[in-house]
Amino acid sequence: MLTYTPGETLAHRLDPRGKLAVQFSFAIAIFAGPAVPWLPAMLALAVGCLLLAGLSVWRALRTYWVVLLVLSLGPVLGAVTLGPPWIQPERGLDSLRSVARVVPVLFVSAAFVHSTPVRETRAAIQRTVPGRFGQLLGVGVALTFRFIPVVREDLRRIREAVLARGGERRPLRDRAGRITTLALARSMARADRLSVALQARCFAWNPTLPRLSFAPVDYAVLALAAGLALSPLL
Amino acid sequence: MITVRDLVHEFDGERVLDGVSLTIADGEWVVLAGPNGSGKTTLVRQFNALLEPDAGEVQIGGVPAAENPVRARTSVGMVFQSPRDQFVAATVGADVAFGPENLGLDHDEIDRRVAEALGAVNMADREEERIDELSGGEQARVAIAGALAMEPDHLVLDEPFTGLDWPARRSALQRLDSLAADGTGIVFVTHDVRDVLDRADRVVGLESGTVAFDLPPDDARERLAEIDVRVPGPGAG
Amino acid sequence: MSQEYSDSVDLVNAGTVAYLSGAVLIAALTAVLAQFSIDLPGGVPFSFQPFGVFFAGILLGPIWGGFSMLLYLLVGIAGAPVFSNGTAGVGIVLGPTGGFLISYVFAAAAIGLVAHRSLAPVSVDDLPAVGVTAGLVVGSAIIYAIGVPWFAEVQGWTLPRAAGFMAPFAVGDAIKIAITVGIVAGGNELLERP
């Protein structure tokens, strides 16, 4: 599983806003631009991002192997037809051109995920999305991240309890309904307690925002993002 | 100072609090004891305007809590029963910083308060640790630090140490003792006074939404047993 | 001492905090359910993820239900391993199945709107089974209406081919709709909120 890993690489030190901008404009460049001639250059850039974050290409491939498997079905199944002529290579080629664009995007996002803690993305959201909506999104992302392990533990216990009471012999409908209901009830009870705790600590619309600051290198990252976003117009 | 006057609170037509009056001075160590369902939690949630009264009033430092919830919530810090549901961040430092951030303090002041609050609960320099990897006792202490970072006059703890073993409880109680020695008022809400009876200045017994008694600890033992609160037996802790 | 903050701190009101907390927990539950399945006879996995989307709309209504799924999407983009097979990152959202992930925001909002017939949610007890069923059917249609063309586009396939590939999943979703209606119509007191 690929998640944030503390480190000292250049990618780790960059401002999250620049990194987010590069990710999105990279996607714009690759999906809106002339795919084939640019593809090798974009792939090279993506591999560069991986290396800057201290990740190997192999690690990125292994992380996303299920997606890559689905992508590889594109050209294979795309070339097959249900009647004569049975195989249409040019259709497979069309699909290959399409799915190949996703691979560099996956690499860039692997580099981001590996080098950026969730709380920095949260800070970027709160500092970029204006007003109350940005505040709710930022705090919401931080809270969701915090509660995932808690809910995972709840679900594990529920599953064990249902199994222990012979749940396996019950019909699917009954079993799935029981697990879902218990998980929802426990989650909503936690929501009620969280709600009280947030209020007790003066949860406000206008808090001090998390620290973020641009270093000179971050402006270079932003320039790269702008260049990528505009590249389809060339 | 917390002043409660003729407080009435109803849930679905049922009177949970039926005319409670009570005064808690700054720096006082008070045990608020009562059986389950006696209205303890409902009462203390009024102290920082998490609930509003149906009749009567709570004043914090002379100002009605309902009129100025920010003042009530900075002056009275709350620690709830299950620490896992009151943490708002994945790491210790980010969680403790949440309250001061909401007050709009600058980053240096926030850092200072976080360091001081964690120091006060023996968790200094552990800002970067993941909360889910801490023991139950450490989580309880981080929850206390989250309230302390607001620099409250009173700390209200609502059954805070449920499920903790004695060494973890003892360690947390020692931190409360030193906070009390530094002038923070403690309101300890519980249905089991065995750990705290000797520490308190006063014991307030709550039964069926009314104050049954308000006595010094030594005089309260017999009355506590009458309202089904567990008291230290001979030879026990 | 505390007087100084009273004027400057703009507290979020209790109702908004309650809905935000609900949205957070449903987003976290959706993230966990995305990694959770039980094996049917023959080893076919029965995924629980759609229940997160369904109940976001049913319990939280259109606005907060949609918001909850937006939190799920963002926390995955931010790097929490919440997409299928424990993956994360914007590459997954832009990949072949990303249309399904994005559709959750709209599906949860649509389910909430049809089931509650207003922007503000009513009590789950008061939801008629017909409305809930209609909402879930509309929501599922939205999931496929966004997810399948997206899949076709990324794979470089024709739409019928992509639809044929995804069709078997619709059977499982129909079962999940039935289970969900059963939970809600059962008047389950576990789901009542104060």
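1. Quick look at the pairing of strand 3 (residues 29–33) of chain B
Residues and elements named next belong to chain B. With five of five residues buried, strand 3 is to be regarded as a mostly interior element. Two elements, strand 3 and strand 8 (residues 185–190), share five bridges in a ladder whose sense is parallel. Considered in strand 8, the bridge of Leu32 is made with Val189. Where strand 3 meets strand 9 (residues 202–207), four bridges bridge the pair, whose relative direction is parallel. Across the sheet, Leu32 pairs through a bridge with Val204, a residue of strand 9.

2. A look at the packing of helix 6 (residues 89–100) of chain A against helix 7 (residues 102–115) of chain A
Residues and elements named next belong to chain A. Close contact between helix 6 and helix 7 brings their axes to 5 Å; oriented N to C, the two are set at 15°. Classified by the angle their axes make, helix 6 and helix 7 are roughly parallel. Together, Ser98, Val99 and Ala100 of helix 6 and Val102, Val103 and Pro104 of helix 7 make up the contact between the two elements. Its residues assigned to classes, the contact of helix 6 with helix 7 shows five nonpolar, one polar and no charged.

3. A short note on the sheet that holds strand 9 of chain B
Residues and elements named next belong to chain B. Pairing in this open sheet of six strands is mixed, and the strands run 6-7-8-3-9-10 from one edge to the other. The strands lining the two open edges of the sheet, one partner per strand, are strand 6 (76–79) and strand 10 (210–215). Recorded for the sheet is a direction-independent mean angle of 20° between the axes of neighbouring strands.

4. Details of a nonpolar patch on the surface
On the surface, a nonpolar cluster with roughly 210 Å² of combined accessible area is contributed by Leu10, Leu52 and Val217 of chain A. In this fold, Leu10 of chain A is placed in helix 1 (residues 10–13).

5. What to know about the domain arrangement of chain A
Under the domain assignment used here, chain A contains domain 1 (10–116 + 213–233) and domain 2 (122–200). Between domain 1 of chain A and domain 2 of chain A, the C-alpha centre-to-centre distance is 32 Å.

6. Considering the sheet that holds strand 2 (residues 14–24) of chain B
Residue and element names in this part refer to chain B. Read across the open sheet, the four strands follow the order 2-1-4-5; overall the sheet is antiparallel. Two strands lie at the open edges of the sheet, namely strand 2 and strand 5 (63–64), each paired on one side alone. As paired elements, strand 1 (residues 2–11) and strand 2 share eight bridges and run antiparallel to each other. Looking at strand 2, one finds that Val8 is bridged to Asp18. Against the sheet, helix 1 (residues 40–47) engages strand 1, strand 2 and strand 4 (55–60), with an angle of about 125° to strand 1.

About the thresholds
Residues numbered from 1 in each chain as written. Chains lettered and ligands numbered in written order. Predicted model: local features only at pLDDT ≥ 70, side-chain atom pairs only at ≥ 80, totals over all residues. Heavy atoms only, no water. Buried < 20%, exposed > 50% of the residue type's maximum accessible area, 1.4 Å probe, protein only. Helix = DSSP H or I, 4+ residues; strand = E, 2+ residues; numbered from the N terminus. Pairing = 2+ DSSP bridges. Axes fitted to C-alpha atoms, helices over the stretch in contact; angles between N-to-C directions. Parallel < 35°, antiparallel > 145°, perpendicular 65-115°, else oblique. Contact = heavy atoms within 4.5 Å. Nonpolar A, V, L, I, M, F, W, Y, C, P; charged D, E, K, R; others polar. Patch = residues over 30% accessible without salt bridge, like charges linked within 9 Å, V, L, I, M, F, W, Y side chains within 5 Å. Areas by Shrake-Rupley, 256 points an atom, 1.4 Å probe, with all protein chains shown as cover. Salt bridge = Lys/Arg side-chain N within 4 Å of Asp/Glu carboxyl O. Domains from an automatic or database assignment.

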